[in-house]
Amino acid sequence: MLALQPVRQPVVAPAQRPNISSARYAKAVEVSKRVRWDIDRDVIRGRRFDFTKRFLPNALSKVDQLEFLGPDDRRLLSQIQGRTYANIFGLVERFIAAKVLEVSREHWLGDQSALEALVRFGDEEIKHQELFRRIERMCAEGMPEGYTFVPEPNAVATAVLSKSTWAVLALTCHIEIFVLDHYHQSIGTQTDVSELWKDVFLYHAREESQHAIIDELEWVRENAKITPEARDAAVDDLIALVGAVDGILQAQAAADTLYFVEVCSRPLTPKELDAVKTTVLAAYRWQYIVSGVQGKRFRDVLGSMITPQQGERIGAALVPIAG
Ligand SMILES: [Fe+2]
Ligand SMILES: [Fe+2]
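Bear in mind that the values here come from a model prediction, so they are computed numbers and not experimental data. (Residues numbered from 1 in each chain as written. Chains lettered and ligands numbered in written order. Predicted model: local features only at pLDDT ≥ 70, side-chain atom pairs only at ≥ 80, totals over all residues. Heavy atoms only, no water.)

Let's shift gears to unusual backbone geometry. Of note, the phi angle at arginine 45 is positive, near 50°, even though the residue is not glycine. Residue lysine 62 is not a glycine yet carries a positive backbone phi of 60°. Along the chain, lysine 62 falls in the loop between helix 3 (58-61) and helix 4 (71-104). (Helix = DSSP H or I, 4+ residues; strand = E, 2+ residues; numbered from the N terminus.)

This is the structure in structure tokens:
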């Protein structure tokens, strides 16, 4: 199901590419200026989270699969997952901002629209990290003590940035496309979630739309520069990065399950505890890995760059994660 097949891309004459790309960077700059928002003035607006409502919708949190939990405990588990969801974006945006500023170097004396698009992209990710730090503090105010966010942003960023640019751009493109899918398919359409939590991801998605376009442009540009051997090694890097993401998800799912068990309304039986643990890990793998690799937009870009054998290698690495 997860095998990634190459797709045939329309042939574009090399001479046309710079103009097409330049127009897309310029469009991203134009939209970025139009949708730009401020954390307090536009997103938070003096509000607090409504803890009587869910945060992460069931399509992502899978809490309704835990039928033995009452409505209050399901809501609590969706709030814990929603808190982690914000923290995970704050985490990945540390390496994304650094990578974007690094690749901007290649446009310093070139296409100035591309340079502006990347500088704005980096600036927006720095702002998003500040937003997610605010969200964490606001979650802490309204939830019982004991929550832990396990991974450390700079340690993760250092490990990710040690991999090839092709692989880091692939992971980034994957993340920024699934952010949009999650908002448009689940979060934005949900009526029974906290309005502020929903708005955080509405405003986030508005700026991420441009990021996903720029990721794709930069990844395709990087792909055209490297040799088949370097690309083959980069596929291994991408597989290693997905494995590292899965390691983070396993640790955070365990921490969030432990926290939930301590603060939920009643003691859980060993069988119930096991079901919570399994469901939270499956939900995190769905949120941060599987939903993204199943998305057509990401698959089309990746498929246009790799061989069938490389697609099979990636697909095989995803089998234990997809379950
Ligand atoms: Fe972001
Ligand atoms: Fe982004």
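To continue, consider the nonpolar core. Membership of the largest hydrophobic core comes to 96 residues, with the highest contact counts inside it found for Tyr85, Phe89, Phe95, Trp166, Phe201, Trp219 and Phe260. With 14 residues, helix 7 (residues 165-187) is the single largest residue contributor to this core. Once residues within four sequence positions are removed from consideration, phenylalanine 260 is found in contact with Leu69, Asp73, Leu76, Leu77, Ile80, Leu268 and Val276. (Core = buried A, V, L, I, M, F, W, Y, C linked by side-chain atoms within 4.5 Å. Buried < 20%, exposed > 50% of the residue type's maximum accessible area, 1.4 Å probe, protein only. Contact = heavy atoms within 4.5 Å.)

Attention shifts here to the coordination of the iron ion (ligand 1). Within the protein, the iron ion (ligand 1) binds to Glu93 (OE), Glu125 (OE), His128 (ND1), His204 (NE2) and Glu208 (OE); these donor distances fall in the range 1.9 to 2.3 Å. Each donor residue of the iron ion (ligand 1) belongs to the same chain, with the gaps between them written as E-x31-E-x2-H-x75-H-x3-E. In this structure, the iron ion (ligand 1) lies 3.4 Å from the iron ion (ligand 2), and both are coordinated by glutamate 125. One end of the pair, histidine 128, is in helix 5 (residues 112-142); the other, glutamate 208, is in helix 8 (residues 195-225), and 80 residues separate them in sequence. By relative accessible area, which is 0% here, histidine 128 ends up buried. (Donors = N, O, S within 2.8 Å, 3.2 Å for Na, K, Ca; no water.)

Running from N to C, helix 7 and helix 8 cross one another at 145°; their axes reach a closest spacing of 8 Å. For the pair helix 7 and helix 8, the crossing hand works out as left-handed. Looking at the contact of helix 7 with helix 8, its residues break down into 15 nonpolar, six polar and seven charged. (Axes fitted to C-alpha atoms, helices over the stretch in contact; angles between N-to-C directions. Left-handed = near helix turned anticlockwise from the far one by under 90°. Nonpolar A, V, L, I, M, F, W, Y, C, P; charged D, E, K, R; others polar.)

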